[in-house]
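Here is how the chains run, residue by residue.
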Amino acid sequence: MSAVSTDGPETIVVGVDGSTTSLNALAHALGLARRADARLVVVHVRQVVPGFAAVGDRSGVLAVSGLQSADEVAEELAAIVARFSGEFGVTTEVHVRTGDVAGEIAALATDRRADAVVVGTSHSLGHRLGGSVAGRLCRLARWPVTVVP
């Protein structure tokens with residue numbers, strides 16, 4: 001008798017930042033992982049002081065306070081993931097990274113040999129001008145990218 005293979009993804013990477021759309025993406029990814037019996041890799045990317053604020057932050061106060069609040073968000077997200085992964089019966093791993101959001105998600109997806117990436121939509125003006133995380137991930141075209149509203 002031959003081994004049975006799966007048709008669906010084995011590893012799914014989902015980016016979360018605490019926004020409503022990223023939590024929707026997490027819920028979608030959890031459901032997908034449950035149905036496909038896949039491993040879910042959750043990544044939260046902390047950004048150091050964004051944009052022009054970094055130029056005037058000679059003391060480092062903004063960077064430190066930004067990282068502290070990002071750590072709090074990461075802890076809350078890890079608790080949410082732990083609770084729902086248990087309820088859904090999904091194997092998860094949570095990663096917290098610092099840097100460019102799309103770049104860090106892509107690097108982790110490549111490292112974990114992801115079959116799919118799931119992210120939420122962005123409604124910020126900065127993403128409309130500079131390109132959204134979802135758009136940048138789609139342009140990399142290494143894996144299917146699902147964008148959840």
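Residue positions are counted from 1 within each chain, in the order its sequence is given. The predicted nature of this model means local features are confined to residues of pLDDT at least 70 and side-chain atom pairs, given and counted, to a pLDDT of 80 or more, with totals for whole chains, interfaces and linings taken over all residues. Neither water nor hydrogens contribute to the side-chain values; these are computed over all heavy atoms in the structure.

Peer 1: What is the right way to read the environment of Ser19 from this model?
Peer 2: Helix and strand assignments come from DSSP, with helices taken as H or I runs of at least 4 residues and strands as E runs of at least 2, each series counted from the N terminus. Here Ser19 is to be found in the loop between β1 (11-15) and α1 (20-36). Counting along the chain gives 102 residues from Ser19 to Thr121, while the straight-line C-alpha distance between them is 9.7 Å.

Peer 1: Explain the side chain of Glu93 to me, please; I cannot follow it from the model alone.
Peer 2: Relative to the elements of secondary structure, Glu93 occurs in strand β3 (residues 92-98). Every residue pair with non-hydrogen atoms within 4.5 Å of one another is taken to be in contact. Excluding anything up to four places from it in sequence, Glu93 contacts Arg39, Leu40, Val41, Val42 and Arg112.

Peer 1: Can you help me understand the packing of helix α3 (residues 101-111) against helix α5 (residues 133-140) in this one?
Peer 2: When two helices pack together, their arrangement is given by the angle between their axes and by how far apart the axes lie. Lines fitted to C-alpha atoms define the axes, with helix axes restricted to the stretch in contact, and inter-axis angles between N-to-C directions lie between 0 and 180 degrees. Where α3 contacts α5, the axes come no closer than 9 Å and their chain directions differ by 45°. The pairing of α3 with α5 is recorded here as oblique in orientation. For the element pair α3 and α5, the recorded crossing hand is right-handed. Here α3 contributes Val101, Ala102, Gly103, Ile105 and Ala106 to the contact with α5, which in turn contributes Val133, Arg136, Leu137 and Leu140. Any angle between 65 and 115 degrees counts as roughly perpendicular, while under 35 counts as roughly parallel, over 145 as roughly antiparallel, and the rest as oblique. Crossings are assigned a handedness: left-handed for a near helix turned anticlockwise from the far helix by less than a right angle, right-handed for a clockwise turn.

Peer 1: Sorry if this is basic, but what is going on with α3 here?
Peer 2: In an α-helix there are 3.6 residues to a turn, and that puts residues three or four apart on one side. Remark: exposure states derive from per-residue accessible area (1.4 Å probe, protein chains only) relative to the maximum for the residue type, with buried under 20%, exposed over 50%, and partly exposed in between. Among all positions of α3, only Val101, Ala102, Ile105, Ala106, Leu108 and Ala109 are buried. In a view along the axis of α3, the buried residues occupy a sector of 165°, so they form one face of it. Buried-residue contacts for α3 involve β1, β2 (39-46), β3, β4 (116-120) and α5. Just beyond α3, the residue with positive phi is Arg113, at close to 55°. The directions from the helix axis to the C-beta atoms are what the arc is built from.

Peer 1: Looking at this structure, how should I read the packing of aromatic side chains?
Peer 2: Any pair of aromatic rings gets described here by the distance separating the centres and the angle formed by the planes. For this analysis, a ring pair means two rings from Phe, Tyr or Trp (six-membered ring only for Trp) whose centres lie within 6.5 Å, classed as stacked if their planes differ by under 30 degrees, edge-to-face if by over 60, and tilted for the remaining angles. Across all of its chains, the model carries one aromatic pair by this definition. Ring centres of Phe84 and Phe88 lie 6.4 Å apart, and the angle between their planes is 75°; on these two criteria the pair is classed as edge-to-face. In this pair, Phe84 and Phe88 are both assigned in helix α2 (residues 61-88), four residues apart and thus about one turn of the helix distant. A relative accessible area of 24% places Phe84 in the partly exposed class. Phe88 sits in the partly exposed class, given a relative accessible area of 25%.

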